[in-house]
Amino acid sequence: MGFHYGKHHKAYVDNLNKLTEGTEYASMSLLGIIQKTAGISEKAGIFNNAAQIWNHTFFWESMKTKGGGKPTGKLQI
């Protein structure tokens with residue numbers, strides 16, 4: 001887990017920071033970046049790194065004590 005968090009997840013963060021430095025995306029939230037770049041082929045690198053950060057963050061949050069929880073909204077049964 002240390003390798004996955006310290007190397008793998010960190011690489012996505014470092015890459016996204018490099019790709020967005022000096023752009024409109026630099027000050028945006030992660031979700032904002034994902035929404036703004038989805039489906040735009042020339043922004044695929046930004047989208048992919050941002051989406052992987054989101055995926056990893058969701059994973060880490062789900063693993064904490066009482067993490068995850070019951071789905072809400074449309075996912076709730």
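Just so it is clear, the structure is predicted and the values come from calculations on it, not from any experiment.

The rules behind the values
- Residue numbers restart at each chain and count upward from 1, following the sequence in its written direction.
- With pLDDT at 70 or above as the cut-off, local features in this predicted model cover only qualifying residues; side-chain atom pairs require 80 or more to be listed or tallied, and sums for whole chains, interfaces and linings still use all residues.
- Note: side-chain values were computed over all heavy atoms of the structure, leaving out hydrogens and water.
- In this description a helix means any DSSP run of H or I spanning at least four residues, a strand means any run of E spanning at least two, and both kinds are numbered starting from the N terminus.
- The contact criterion used is simple: two residues touch if any of their non-hydrogen atoms lie within 4.5 Å.
- Throughout this description, the term salt bridge denotes a Lys or Arg side-chain nitrogen within 4 Å of a carboxyl oxygen of Asp or Glu.
- Buried, partly exposed and exposed residues are distinguished by accessible area as a fraction of the type maximum, computed with a 1.4 Å probe on protein chains only: under 20%, between the cut-offs, and over 50%, respectively.
- pLDDT gives the predictor's per-residue confidence on a scale running from 0 to 100.
- Helices are assigned an expected span. That span is 1.5 Å times one less than the residue count.

A.B. asks: Teacher, can you tell me more about the overall build of the chain here?
C.D. replies: Along its length, the chain carries three helices and zero strands. In the chain, the succession of helices and strands from N to C terminus is α-α-α. For the chain, the share of sequence-separated contacts (at least 6 apart) that also reach a separation of at least 24 residues comes to 52%.

A.B. asks: What's the story with the pattern of salt bridges in this structure? I'm lost.
C.D. replies: Where charged atoms from two side chains of opposite charge approach closely, those side chains can pair. Here the structure, examined in full by the defined rule, presents two salt bridges. A salt bridge links Asp14 to Lys10, with the nearest nitrogen and oxygen atoms 2.7 Å apart. With Asp14 and Lys10 both in helix H1 (residues 2-20) and four residues apart, this pair spans about one turn of that helix. Under the relative-accessibility criterion, Asp14 is labelled partly exposed at 30%. Of the charged contacts, one joins Glu24 and Lys36 as a salt bridge, the two residues approaching to 3.4 Å between their closest N and O atoms. One end of the pair, Glu24, is in the loop between H1 and helix H2 (30-37); the other, Lys36, is in helix H2, and twelve residues separate them in sequence. With relative accessibility at 48%, the residue Glu24 sits in the partly exposed group.

A.B. asks: I keep staring at the environment of Ile53 and nothing clicks. Help me out?
C.D. replies: Within the secondary structure layout, Ile53 lies in helix H3 (residues 44-63). Residues Ile53 and Leu30, spaced 23 residues apart in sequence, show a C-alpha to C-alpha distance of 8.2 Å. Those residues in contact with Ile53 that sit more than four places away from it in its chain are His9, Tyr12, Val13, Leu16 and Leu30.

A.B. asks: For this particular structure, what's the right way to read the side chain of Asn49?
C.D. replies: Here Asn49 shows up in helix H3. Other than its neighbours up to four places away in sequence, Asn49 contacts Ala11, Tyr12, Asn15, Leu16 and Leu19.

A.B. asks: How should I be thinking about the confidence of the model for the chain in this particular structure?
C.D. replies: Close reading of the predicted structure is inappropriate where its pLDDT is low. In this model, the chain carries an average pLDDT of 87, and 88% of its residues clear a pLDDT of 70 or more. Per-element confidence in the chain ranges from a low mean pLDDT of 86 for H1 to a high of 97 for H2.

A.B. asks: What should I look at first to understand H3 in this one?
C.D. replies: Every α-helix winds through 3.6 residues per turn, so residues three or four apart in the chain are directed the same way. A rise of 1.5 Å per residue sets the reference length of H3, with its 20 residues, at 28 Å; its end C-alpha atoms lie 28 Å apart and thus fit the reference within 8%. Three or more residues of H3 are buried, namely Ile46, Asn49, Ala50, Ala51, Ile53, His56 and Trp60.

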